[in-house]
Amino acid sequence: MSRNPEAGYPLIDETLCALCRRCPAMNACKGRAILRFERDEAPYVDAARCQQCWVCLHECPYNAIVRVRI
Ligand code: SF4
Ligand code: SF4
């Protein structure tokens, strides 16, 4: 799938992330682009894997995922 850099990428705002035990955005990401190494840390998005489907923006109940241009 070709990516459109102009469309931006999701970014997880650590100040808004509630550190959900099971991150629904991570579970919904078909590109496996949302990663978390430690349970007590906010997940992050690997832009290289992101398919720009924007599902994650709607799955996060805390609106902690925003769309940015990088
Ligand atoms: S669903 Fe949103 S608030 Fe919860 S861990 Fe994932 S990014 Fe953070
Ligand atoms: S936009 Fe789609 S592929 Fe990219 S991180 Fe969100 S759910 Fe995953």
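Attention in this report is confined to the structure presented alongside it. This one's a predicted model, so the numbers in the text were calculated from it and none came from an experiment.

### A short note on the site of ligand 2
Then, number 1: Taken together, 14 residues sit near ligand 2, with C29, G31, C50, C53 and C56 positioned nearest.
Then, number 2: Each residue belonging to the shell around ligand 2 can be placed in one class, and the counts come to eleven nonpolar, three polar and no charged.

### Notes on the site of ligand 1
Then, number 1: Near ligand 1 you find 14 residues, and of these C17, C20, C23, C60 and Y62 are the closest.
Then, number 2: Partitioning the shell around ligand 1 into residue classes produces 14 nonpolar, no polar and no charged.

### Observations concerning the nonpolar core
Then, number 1: Among the nonpolar cores identified, the biggest contains twelve residues, and these are I12, C23, A25, C29, A33, I34, V45, C50, C56, C60, A64 and I65.
Then, number 2: Contact partners of C50, with chain neighbours within four places excluded, come to Y9, P10, G31, A33 and V45.

Each value, and the rule that gives it
- Position numbers for residues start from 1 in each chain and track the written sequence from start to end.
- Here every chain gets a letter starting at A, and every ligand a number starting at 1, in the order they are written.
- The predicted origin of the model limits local features to residues at a pLDDT of at least 70 and limits the giving and counting of side-chain atom pairs to 80 or more, whereas totals for whole chains, interfaces and linings rest on all residues.
- Proximity of a residue to a molecule or strand is defined by its backbone-placed C-beta atom lying within 6 Å of that partner.
- Each residue gets one of three labels, nonpolar for Ala, Val, Leu, Ile, Met, Phe, Trp, Tyr, Cys and Pro, charged for Asp, Glu, Lys and Arg, and polar for the others, Gly among them.
- Note on terminology: a nonpolar core is a set of buried residues of type Ala, Val, Leu, Ile, Met, Phe, Trp, Tyr or Cys, with members joined through C-beta atoms within 7 Å.
- Partly exposed residues are those whose C-beta has more than 12 but fewer than 20 other C-beta atoms within 10 Å; with 20 or more the residue is buried, with 12 or fewer it is exposed, and the C-beta atoms are placed from the backbone.
- A pair of residues counts as a contact when their C-beta atoms, built from backbone coordinates, are within 7 Å of each other.

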